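What follows is each chain in one-letter form.
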Amino acid sequence: MKEKPKVLIVDDKIENLVTLERIFSDMDVEFVRALSGNEALMHTLEHDFAIALLDVQMPEMDGFETVELMRQDKLTKHLPVIFVSAIYTEDYHKIRGIASGAVDFITKPIIPDILRGKVRVFLELYEYRLSLEEEIVRRAEAEEKIQEQYDEIQIHAHELEASNEELRNTQEKLIGLNREIQESEERYSDLFDNANDLIQSVDAEGKFVYVNTAWLNALGYDKGDLEHLKFADIMVQEELAPCLDLFERTMRGEQFNNVQITFVTKHGAEMCVEGNVGARIKNGEYVAARGIFRDITERIIAEEKQRELDAMKSEFISNVSHELRPPLHSLKGFTKLLVSGKVDDPKTQNEFLAIVDKESDRLGDLIDDLLDMSRLESGRFKINKEVISLKNIIHDAVERVGSLASEKGITITEEMNSELPEMEVDGKRMGQVITNLLSNAIKYNQENGSITVKSEVSNSDLLVQVSDRGIGISEDDIPQLFERFYRVEASDRIEGTGLGLHITRQIIEAHSGRIWIESKLGEGSTFSFTLPLRQN
Ligand code: ADP
């Protein structure tokens, strides 16, 4: 509850105090009585008064002195005081009273309404002062609160500044770390990009996440192609199912070493690779299958070539043995007969000796072929050139195979231009070439067939052609005929080693010439070669 405003009434006569209280009985105030100036001062120490009504004439200390003391004290300095006096009624009294610090001076007899009116003004002032004080206190409190909040904000600001600094430091550290990571990433990607091996990383959906430059170069793709390319697109169709199985198992965490896969390049070529496949783990999950492969296409082709060569060599050895056996048999048989003395007819003896001679030649030719092969392989094959007429060489060769041809009823026709110039060639080797072509034309011919040998000058070359009407050669076999040991399967039953044409080509090429075949299966073949008329 709000306190009533206090009014200090001071008079040495109690009846005067009662009178005053009666005058203000209708006002809501609390009176504090004092019977002397001293008592009044005592009360001011305890209470806060709205106004004091003071008698002037009092024993010991009069009203003037009391007010003067009040004015000296901080608490009572501004306390409004109204003097009420019945005796001091002169103007100078009033002046003295105002001078001592009173706000009014009322003389008796008191007109209650006037006194009440005056007091009411001071009560209102008091109320106003109180509310002002409250307001001041409230503002002070609010200000204090604001100050506290401000201080708190200030503290927070300091804390913020400190954590900002920390953040800045951490950020700098992070930037440093990032730079390091970036540099190490660059180092790794440089390593991967410049590796000779094909490196790829494929995600769970089969899309390429990374491939290195070697991979792009080998498969003929651009980086831009990768967006639409899937792992299955570079697999050869026949290996798709096992490769997808391998991929799924890899994504479940299996690791595969030295797996062989066939890729298909952008241009459709097949490429054999060998390498290791494993999964990349992120947060405990297999996120990508990575593979590092080597292109082994070349190796496989060598290996295949080597296998073919090995097969050819063993076939060659068996052929050579077969070739050697019949002449050896007949040599041995006829020699035995002659040595035994059972053949005494000189004519038969001569026939036998002729066979021995022929078989010895055959053996000698075979051994020569083998020696030539070995010379070719070791680089010791020599060409000794001399100026001779090729016409004679061809003619001699036809003579040499004459008996072989007539055994099969084959006729050989020479179509030679009479103006053939002399040339600088290795006569013996050229004889070997023509003999070989003619004996093939006889071997792979029909009974009673025919052979034509043609020779003419064509541009700045000498052209020689040996044509037969024999079994012919298929288109597929022609390109391989000059390879060592190569024999057409169909001619298996006919004796041979597969060396003749290989040696022939080497000899022609050693003379800067060219050799080629035109043939139709079942109709016959033409072997042609040219030699430049002017040898370097
Ligand atoms: P060889 O006759 O000893 O087998 P060559 O190197 O002389 O070896 O010939 C290689 C192969 O070429 C022969 O095995 C034969 O299959 C084929 N060939 C050569 N000449 C002819 C020809 N005139 N007609 C048909 N096939 C031939």
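A quick note: this is a predicted structure, and the numbers were derived from the prediction, not measured. (Residues numbered from 1 in each chain as written. Predicted model: local features only at pLDDT ≥ 70, side-chain atom pairs only at ≥ 80, totals over all residues. Heavy atoms only, no water.)

### A closer look at the pattern of salt bridges
Okay, step 1: Taken as a whole, this structure holds 24 salt bridges when the rule is applied.
Okay, step 2: Linking Glu 3 and Lys 6 is a salt bridge whose minimum nitrogen-to-oxygen distance equals 3.2 Å.
Okay, step 3: Salt-bridge contacts for Asp 245 lead to Arg 249; the nearest nitrogen and oxygen are separated by 3.6 Å. Here Asp 245 pairs with Arg 249, and both are found in helix H7 (residues 240-251), just four residues apart, close to one helical turn.
Okay, step 4: Accessibility expressed as a relative area gives 38% for Asp 245, which makes it partly exposed.
Okay, step 5: A single salt-bridge network, built from bridges that share partners, covers Glu 274, Arg 294, Arg 299 and Glu 303. (Salt bridge = Lys/Arg side-chain N within 4 Å of Asp/Glu carboxyl O. Helix = DSSP H or I, 4+ residues; strand = E, 2+ residues; numbered from the N terminus. Buried < 20%, exposed > 50% of the residue type's maximum accessible area, 1.4 Å probe, protein only.)

### Digging into the packing of helix H9 (residues 346-378) against helix H13 (residues 500-510)
Okay, step 1: It is at 10 Å that the axes of H9 and H13 come closest, and there the two elements cross at 55°. Classified by the angle their axes make, H9 and H13 are oblique. H9 and H13 meet at a crossing whose hand is left-handed. Two secondary-structure elements touch here, H9 through Asp 369, Asp 372, Met 373 and Leu 376 and H13 through His 502, Ile 503 and Gln 506.
Okay, step 2: For the contact of H9 with H13, the residue count by class is three nonpolar, two polar and two charged. (Axes fitted to C-alpha atoms, helices over the stretch in contact; angles between N-to-C directions. Parallel < 35°, antiparallel > 145°, perpendicular 65-115°, else oblique. Left-handed = near helix turned anticlockwise from the far one by under 90°. Contact = heavy atoms within 4.5 Å. Nonpolar A, V, L, I, M, F, W, Y, C, P; charged D, E, K, R; others polar.)

### Re the site of the ligand
Okay, step 1: Looking at the ligand, there are 22 residues lining it, with Tyr 444, Arg 487, Ser 491, Thr 497 and Leu 501 nearest.
Okay, step 2: In this structure, a nitrogen atom belonging to the ligand sits 3.0 Å away from a side-chain N or O atom of Asp 468.
Okay, step 3: In the model, an oxygen atom of the ligand is placed 3.2 Å from a nitrogen or oxygen of the Gly 500 main chain.
Okay, step 4: In isolation the ligand exposes 530 Å². Once the protein is present, 97% of that is buried.
Okay, step 5: Those elements that place two or more of their residues in the shell around the ligand are helix H12 (427-443), H13 and strand E17 (524-532).
Okay, step 6: A per-element tally of the shell around the ligand places H12 first, with four residues.
Okay, step 7: Partitioning the shell around the ligand into residue classes produces ten nonpolar, nine polar and three charged. (Near = heavy atom within 4 Å. Polar contact = N/O pair within 3.5 Å; in protein donor to acceptor, adjacent residues only side chain to side chain. Areas by Shrake-Rupley, 256 points an atom, 1.4 Å probe, with all protein chains shown as cover.)

### Observations regarding the sheet that holds strand E6 (residues 198-203)
Okay, step 1: With respect to topology, five strands assemble into an open sheet ordered E7-E6-E10-E9-E8, the strand pairing being antiparallel. Two strands in the sheet have a free side with no partner beyond their single neighbour: strand E7 (208-211) and strand E8 (256-264). For this sheet the average axis-to-axis angle between neighbouring strands, irrespective of direction, equals 30°.
Okay, step 2: Summarising the sheet, E8 and strand E9 (residues 270-282) pair through seven bridges and their orientation is antiparallel. Following the sheet pairing, Val 259 is matched in E9 by Gly 275. (Pairing = 2+ DSSP bridges.)

### Concerning H9
Okay, step 1: Taking 1.5 Å per residue as the helical rise, H9 with its 33 residues ought to reach 48 Å, and the 47 Å between its terminal C-alpha atoms agrees with that figure.
Okay, step 2: Those residues of H9 that sit buried are Phe 352, Val 356, Glu 359, Leu 363, Leu 366, Asp 372, Met 373 and Leu 376.
Okay, step 3: Residues of H9 that are buried in the fold lie against helix H8 (297-340), H12 and H13. (Expected span 1.5 Å × (residues − 1).)

### Quick notes on the domain arrangement of the protein chain
Okay, step 1: For the protein chain, the domain assignment lists domain 1 (1-110), domain 2 (138-296), domain 3 (297-363) and domain 4 (386-532).
Okay, step 2: In this structure, domain 2 and domain 4 have C-alpha centres spaced 67 Å apart. (Domains from an automatic or database assignment.)

### What about the packing of aromatic side chains?
Okay, step 1: A complete count under the given rule lists eleven aromatic pairs for this structure.
Okay, step 2: When the ring of Phe 263 is compared with that of Phe 293, the centres are 5.4 Å apart and the planes differ by 85°; the resulting orientation is edge-to-face. Taken together, the residues Phe 263 in strand E8 and Phe 293 in strand E10 (residues 285-295) connect sequence positions 30 residues apart.
Okay, step 3: For Phe 263, a relative accessible area of 0% translates into the label buried.
Okay, step 4: A connected cluster of aromatic rings, assembled from ring pairs, spans Phe 64, Phe 83, Tyr 88 and Phe 105.
Okay, step 5: Over the aromatic face of Trp 516 sits the side chain of Arg 514, whose NZ or CZ is 4.3 Å from the ring centroid. (Phe/Tyr/Trp six-rings, centres within 6.5 Å; stacked < 30°, edge-to-face > 60°. Lys NZ or Arg CZ within 6 Å of the ring centre and 35° of its normal.)

### Considerations on the side chain of His 502
Okay, step 1: Among the secondary structure elements, His 502 is positioned in helix H13.
Okay, step 2: By relative accessible area, which is 12% here, His 502 ends up buried.
Okay, step 3: Apart from residues no more than four positions distant in its own chain, His 502 is found in contact with Met 373, Leu 376, Phe 482, Glu 483 and Arg 484.

### Concerning the packing of helix H3 (residues 63-72) against helix H4 (residues 91-100)
In a pair of packed helices, the angle between the axes and the distance between the axes together describe the arrangement.
Okay, step 1: Contact geometry of H3 with H4 gives a least axis separation of 9 Å together with a crossing angle of 20°. Put simply, H3 runs roughly parallel to H4. Regarding H3 and H4, the two cross each other, and that crossing is left-handed. Contact with H3, carried on its side by Phe 64, Val 67, Glu 68 and Arg 71, involves His 93, Arg 96, Gly 97 and Ser 100 of H4 and no other residues of that element.

### Focus on unusual backbone geometry
Okay, step 1: The omega angle of the peptide bond from Lys 108 to Pro 109 is -5°, so this bond is cis rather than trans.
Okay, step 2: Here Pro 109 is to be found in the loop between strand E5 (104-107) and helix H5 (112-193).
Okay, step 3: Positioned with a positive phi, Asn 459 is a non-glycine residue whose angle comes to about 55°.
Okay, step 4: Relative to the assigned elements, Asn 459 resides in the loop between strand E14 (450-458) and strand E15 (461-468).
Okay, step 5: In this structure, Ser 512 takes a positive phi of about 60° despite not being glycine.
Okay, step 6: By the element assignment, Ser 512 lies in the loop between H13 and strand E16 (514-520).
Okay, step 7: Judged by relative accessible area, Ser 512 falls into the partly exposed class, the value being 48%.

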